[in-house]
Amino acid sequence: DFAAYVNAGLNDWGGVSPVTPDHINPERAWPAIARLNGATESAGFTLRERLTIYPRYARDPEKFLAPSMREPVAHLAGMDGLAAESRRS
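Overview of the structure.

Criteria and thresholds
Residues numbered from 1 in each chain as written. Predicted model: local features only at pLDDT ≥ 70, side-chain atom pairs only at ≥ 80, totals over all residues. Heavy atoms only, no water. Core = buried A, V, L, I, M, F, W, Y, C linked by side-chain atoms within 4.5 Å. Buried < 20%, exposed > 50% of the residue type's maximum accessible area, 1.4 Å probe, protein only. Contact = heavy atoms within 4.5 Å. Helix = DSSP H or I, 4+ residues; strand = E, 2+ residues; numbered from the N terminus. Arc of directions from axis to C-beta. Phe/Tyr/Trp six-rings, centres within 6.5 Å; stacked < 30°, edge-to-face > 60°. 1 Å grid on protein atoms, 1.4 Å probe; cavity = no way out; pocket = protein on both sides within 12 Å on 5 of 7 lines; lining within 4 Å. Points joined across faces, edges and corners; volume = space filled by probe spheres on them. Nonpolar A, V, L, I, M, F, W, Y, C, P; charged D, E, K, R; others polar.

## Considerations on the nonpolar core
With seven residues, the main nonpolar core is built from L51, I53, A58, L65, V73, A77 and A83. With near-sequence residues (within four places) excluded, L51 lies in contact with V73, L76, A77 and A83.

## Quick look at helix α2 (residues 33-42)
The set of residues buried in α2 consists of L36, A39 and T40. Seen from one end, α2 has its buried residues packed into an arc of 100°, which puts them on one side. Exposed side of α2, more than 90 degrees from the buried face: A34 and S42 are the residues found there. Residues of α2 that are buried sit in contact with α1 (2-7). G44, located one to two residues past α2, shows a positive phi value of around 90°.

## Quick word on the packing of aromatic side chains
Counted under the stated rule, the structure contains three aromatic pairs. When the ring of F2 is compared with that of W13, the centres are 5.4 Å apart and the planes differ by 80°; the resulting orientation is edge-to-face. Placement of the pair is F2 in helix α1 and W13 in the loop between α1 and α2, with a sequence separation of eleven residues. Since its relative accessible area comes to 17%, F2 is described here as buried. The exposure class of W13 is partly exposed, given its relative accessible area of 24%. A connected cluster of aromatic rings, assembled from ring pairs, spans F2, Y5 and W13.

## Section: the layout of surface pockets
A volume near 1,100 Å³ is recorded for the largest pocket. If you trace the largest pocket, you find 36 residues lining it, with D12, G14, R48, E49 and R50 closest to the centre. Looking at the lining of the largest pocket, the elements with two or more residues in it are α2, α3 (55-58) and α5 (67-76). A per-class count over the lining of the largest pocket returns 20 nonpolar, nine polar and seven charged. The volume enclosed by the second largest pocket comes to roughly 410 Å³. Lining the second largest pocket we find 14 residues, and of these F2, Y5, R28, A29 and P31 sit closest to its centre. Broken down by secondary-structure element, the contributors of at least two residues to the lining of the second largest pocket are α1 and α2. The residue inventory of the lining of the second largest pocket, partitioned by class, reads nine nonpolar, one polar and four charged.

Functional significance is not addressed by these values, which are geometric in nature.
Written as structure tokens, this is what we have:
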């Protein structure tokens with residue numbers, strides 16, 4: 001019941017991926033992205049991809065990122081720190 005999670009305050013679905021299996025909890029497969037997107041939209045939110053770094057850290061790279069990682073993260077992140085939909089590595 002996705003709505004119960006959202007209503008309880010969930011704001012990040014974690015490492016859900018359409019590409020890789022769940023190595024942490026392999027006996028409970030991730031939901032299909034389309035199903036998760038539908039449930040998220042039904043709750044009044046938009047499903048967005050985030051990088052492997054949380055947005056608040058991506059937005060403050062001088063404090064949280066090694067110098068060698070600042071440019072790659074800046075290339076992939078949008079202004080909000082989430083993955084920019086038009087950019088890929």
